[in-house]
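# Close look at the chain arrangement
Here is how the chains run, residue by residue.
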Amino acid sequence: MDYFAQQLINGLVLGSIYGLIAIGYTMVYGIVGMINFAHGDVFMIGGFIALITFLILVSLGLTAIPVILLVVLLVAMAITALYGWTIERIAYRPLRHSFRLAPMLSAIGMSFVLTNYSQVAQGARVKPIPPFITGGYTLHESADGFVIQLSNIQIMVVITTIVLLALFTWLVSRTRLGRDMRACEQDQTMAALLGVDVDRTISMTFVIGAALAAVAGLMYLLYYGLVDFFMGFVAGIKAFTAAVLGGIGSLPGAMLGGLAIGLIETFWSAYFSVEYKDVAAFSILIVVLIFMPTGLLGRPEVEKV
Amino acid sequence: MSGDTILNVERLTMRFGGIVAVQDLSFAAERKKITALIGPNGAGKTTVFNCITGFYKPSGGAIRLSHDDGRTIALEKLNDFRIAKQAKVARTFQNIRLFPGMTALENLMVAQHNALMRASGLTFLGLIGAPGYRDAEKRAIDLATDWLRRVNLLDRADDAAGNFAYGDQRRLEIARAMCTEPALLCLDEPAAGLNARESAALSELLLSIRKELGTSILLIEHDMSVVMEISDHIVVMDHGVKIAQGSPQEVRDDPKVIAAYLGTDEDEAAAVMESGS
């Protein structure tokens, strides 16, 4: 039981990170109907920018951890958002009215560009940082000595995710920008006729998705204590899977899918084998899609007559 | 004439490959008046609308919109969101194009994008809730509420637009177009699929828009009872060219119109024209 509880905590934390990335996939799919394969690499870029900002702040002699975290968070979000904007501008927008596969191929190309650019610029080796959020709580200690740990960094990841999710839900459901985004999602032509600048709204979607991916990158850096140029690939595929599992296009679905993938992976590693954790996650995706083709929370697409 | 003309279409031509959909069409719509564009199916009416609202780039000719303040805008050079933003032209479609997953109120709020955008200082002020933006948002909600009241949908403000009955969706679509505060409102078959009572209510709504708000209206319509009742001026098209124009009375009595509009079947022509009187 204690072991189960510990794995539940680990799974939720991992799932939160996947969920944050998955939102970027699902938002872009919702508004432009394409899979942004470069999104996983945007997450990786976010991790690197967080690392670089962190090192700069430390070398400047800053020691107050909350200040460092806040600055790193804001800088990583801002610069990664700029990456998101630029990617859309140069790789997707010129192909928007091209054939359906063109932006997807362009996205795969963009993914390679970002991966290799990071490898060239930052080197191929794993970049570690010393753990600087330490400590935690012992929730329970059983008779045979097994301890359920809840570390501060885990608490931070989950709280940050909840806060961002709340903010983001508010943005989409209550603000002008959110209304415009939903309008563009349903009928771009009509939205344009009502005066909505569709291109700008799509850019903002990429900016927000990238900013959330940057937060995920920072969380990953803090949680695992390292980044490398290839981490965007696997995390991206997992988050994409999460978005599909939850029902692509659905925001709560992306978060739910992220948590599901995180939990499946963690429990499989804990009870069966670590080597086959990805097999387990993807097998469950296949089973879910066979019985629920639109994912857990997705709505079937209604053909427009 | 040119002093109170809002829309001037001059020698408009639209070709698709070898097909000429609209040829050398010239007509004018007067300010604060209702102008109807009628003609048999395939006459090119919707093509004219698509040229006016930036969907098609005309193969030739000019479309001039003159605003109250004397500005003249070349509509054939604008497209996309600029039609609503700069030219202040709004349109509806033959098939309803509401945002079905959004509430009625939200549909009307999207239409006020430009007013809100100006107040929100490129999004940022809006997100932090600056006072100027809050006022603008309050005004936007007031305007939307006012329109929901006019089209009798106030009690359903928070229902998803996709769940509305057909006739309600039609009225909501007009309300949404009006929320962009247009100078020229283009309606593509607003009475299509409405029953007699709903058509009468539509006529009343359009007349009140013209009278109370002074919005100029250009409409395509097949329902002759609506056209004859509300139009100040009618332009008749067939096979991409204008075959007649004038007041409802003049057009109704024009033999060319009767012949062209309904083929050569005189009985059918007479029957439909009767229904308009």
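Residues numbered from 1 in each chain as written. Chains lettered and ligands numbered in written order. Predicted model: local features only at pLDDT ≥ 70, side-chain atom pairs only at ≥ 80, totals over all residues. Heavy atoms only, no water.

Let's shift gears to the overall build of chain A. Scanning chain A from terminus to terminus reveals 11 helices and four strands. Per-residue burial for chain A yields a buried fraction of 52% across its 305 residues. Of all intrachain contacts in chain A linking residues separated by at least 6 positions in sequence, the fraction that spans at least 24 positions is 74%. If you sum the accessible surface of chain A, you get close to 13900 Å²; carbon and sulfur atoms cover 71% of it. (Helix = DSSP H or I, 4+ residues; strand = E, 2+ residues; numbered from the N terminus. Buried < 20%, exposed > 50% of the residue type's maximum accessible area, 1.4 Å probe, protein only. Contact = heavy atoms within 4.5 Å. Areas by Shrake-Rupley, 256 points an atom, 1.4 Å probe, with all protein chains shown as cover.)

Our next topic: helix α5 (residues 152–174) of chain A. Its 23 residues place the ends of α5 of chain A 32 Å apart at the C-alpha level, agreeing with the 33 Å of an ideal helix rising 1.5 Å per residue. Among the residues of α5 of chain A, those classed as buried are I153, Q154, V157, T160, T161, L164, F168, L171 and V172 of chain A. (Expected span 1.5 Å × (residues − 1).)

Attention now moves to the nonpolar core. Among the nonpolar cores identified, the biggest contains 138 residues, and F43 and Y92 of chain A together with L172, L206 and I209 of chain B are the most heavily contacted of them. If one sorts the elements of this core by residue count, helix α8 (residues 198–224) of chain A sits on top with 16 residues. Discounting chain neighbours no more than four positions away, the residues touching Y92 of chain A are M34, N36, A38, I87, P103, S106, A107, M110 and F206 of chain A. Formed by 31 residues, the second largest nonpolar core is a distinct cluster that contains A21, I52, A87 and C186 of chain B. (Core = buried A, V, L, I, M, F, W, Y, C linked by side-chain atoms within 4.5 Å.)

With that settled, consider the sheet that holds strand β2 (residues 19–30) of chain B. Residues and elements named next belong to chain B. The sheet built from four strands is open, its strands ordered β2-β1-β4-β5 with antiparallel pairing. Each end of this open sheet is capped by a strand with a single partner; those strands are β2 and β5 (72–74). Strand-to-strand twist in this sheet, taken as the mean axis angle between neighbours without regard to direction, amounts to 20 degrees. Here helix α1 (residues 45–52) sits on the sheet in contact with β1 (5–16), β2 and β4 (60–66), set at roughly 110 degrees to β1. (Pairing = 2+ DSSP bridges. Axes fitted to C-alpha atoms, helices over the stretch in contact; angles between N-to-C directions.)

Attention now goes to the interface of chain A and chain B. Every contact between the two is made by 24 residues of chain A and, on the other side, 30 residues of chain B. Carbon and sulfur atoms supply 60% of the area that chain A and chain B bury against each other, a total of about 2400 Å² over both sides. When the buried area of chain A at its contact with chain B is split by residue, R176, L193 and L194 of chain A rank highest and sum to 29% of it. The tally of links between chain A and chain B comes to three salt bridges. (Buried area = accessible area lost by both parts, 1.4 Å probe. Salt bridge = Lys/Arg side-chain N within 4 Å of Asp/Glu carboxyl O.)

So, on to the side chain of D228 of chain A. All names here are of chain A. As for its position among the elements, D228 is in the loop between β4 (226–227) and α9 (231–246). Although D228 lies buried, it forms no salt bridge, and the closest oppositely charged side chain, K127, sits 11 Å away as judged by the N-O distance. Here F230 takes part through its backbone nitrogen, which lies 2.8 Å from a polar atom of the side chain of D228. Of note is the side chain of D228, whose polar atom sits 3.2 Å from the backbone nitrogen of M231. Apart from the residues lying within four places of it in its own chain, the contact partners of D228 are M44, F48, R125 and V126. (Lys, Arg positive; Asp, Glu negative; His and termini not counted. Polar contact = N/O pair within 3.5 Å; in protein donor to acceptor, adjacent residues only side chain to side chain.)

Let's shift gears to the sheet that holds strand β6 (residues 89–91) of chain B. Residues and elements named next belong to chain B. On the basis of which strands lie adjacent, the open sheet formed by six strands has the order β6-β7-β8-β3-β9-β10 and mixed pairing. Looking at strand neighbours, the two that pair on one side only are β6 and β10 (241–246), the edges of this open sheet. Neighbour-to-neighbour, the strand axes of this sheet turn through a mean angle of 20 degrees, independent of strand direction. The sheet contacts of α1 involve β3 (34–38), β6, β7 (184–188), β8 (216–220) and β9 (233–238), and relative to β8 the element is tilted by about 140 degrees.

A few words on the packing of aromatic side chains. Residues and elements named next belong to chain A. For the structure on display, the rule yields 16 aromatic pairs over all chains. Ring geometry for Y3 and Y271: centres 5.5 Å apart, planes at 80 degrees, overall edge-to-face. Of the two residues, Y3 sits in helix α1 (residues 2–32) while Y271 sits in helix α10 (residues 251–271), which places them 268 residues apart along the sequence. Classification of Y271 by relative accessible area gives partly exposed; the value is 41%. Ring plane angle 25 degrees and centroid distance 5.0 Å describe the contact between F4 and F267, whose orientation is recorded as stacked. Note that F4 is positioned in helix α1 and F267 in helix α10, a separation of 263 residues in sequence. Judged by its relative accessible area of 35%, F4 falls in the partly exposed class. Members of the aromatic cluster, joined through ring pairs, are Y3, F4, F146, F267 and Y271. (Phe/Tyr/Trp six-rings, centres within 6.5 Å; stacked < 30°, edge-to-face > 60°.)

Once that is clear, we can look at unusual backbone geometry. Residues and elements named next belong to chain B. For D24, which is not a glycine, the phi torsion comes out positive at approximately 50 degrees. Positive phi values are uncommon outside glycine, yet E189 reaches one of about 50 degrees. Topologically, E189 is positioned in the loop between β7 and α8 (196–213).

Residue and element names in this part refer to chain B. Assigned domains of chain B: these are domain 1 (1–88 + 183–277) and domain 2 (98–181). Across the contact, 20 residues belong to domain 1 and 11 residues belong to domain 2. Carbon and sulfur atoms supply 66% of the area buried between domain 1 and domain 2, which totals about 1200 Å² over both sides. Three residues, L185, L205 and L213, lead the burial of domain 1 against domain 2; their summed loss comes to 30% of the area buried on that side. (Domains from an automatic or database assignment.)

Residues and elements named next belong to chain B. In this model, α8 (18 residues) spans 25 Å end to end at C-alpha, consistent with the 26 Å of a helix rising 1.5 Å per residue. Residues of α8 that are buried include every one of S199, L202, S203, L205, L206, S208, I209 and R210, and no others. Of the surrounding elements, those touching the buried residues of α8 are β3, α6 (131–150), α7 (166–179), β7, β8 and α9 (224–230). One side-chain oxygen at the N-terminal end of α8 lies 3.1 Å from the backbone nitrogen of R197; it belongs to N195. Just downstream of α8 lies G214, where phi reads positive at about 65 degrees.

The next point concerns the pairing of β7 of chain B. Residue and element names in this part refer to chain B. Most of β7 sits out of view: five of its five residues are buried. In β7, alternate side chains face the same way, and those of L184, C186 and D188 on one face and L185 and L187 on the other are all buried. In terms of strand pairing, β7 meets β8 through five bridges, oriented parallel. Residue pairing for β8: C186 is matched across the bridge by L218. The handedness of the β7 to β8 crossover, carried by α8, is right-handed. (Right-handed = clockwise from strand over helix to strand, strands pointing away.)

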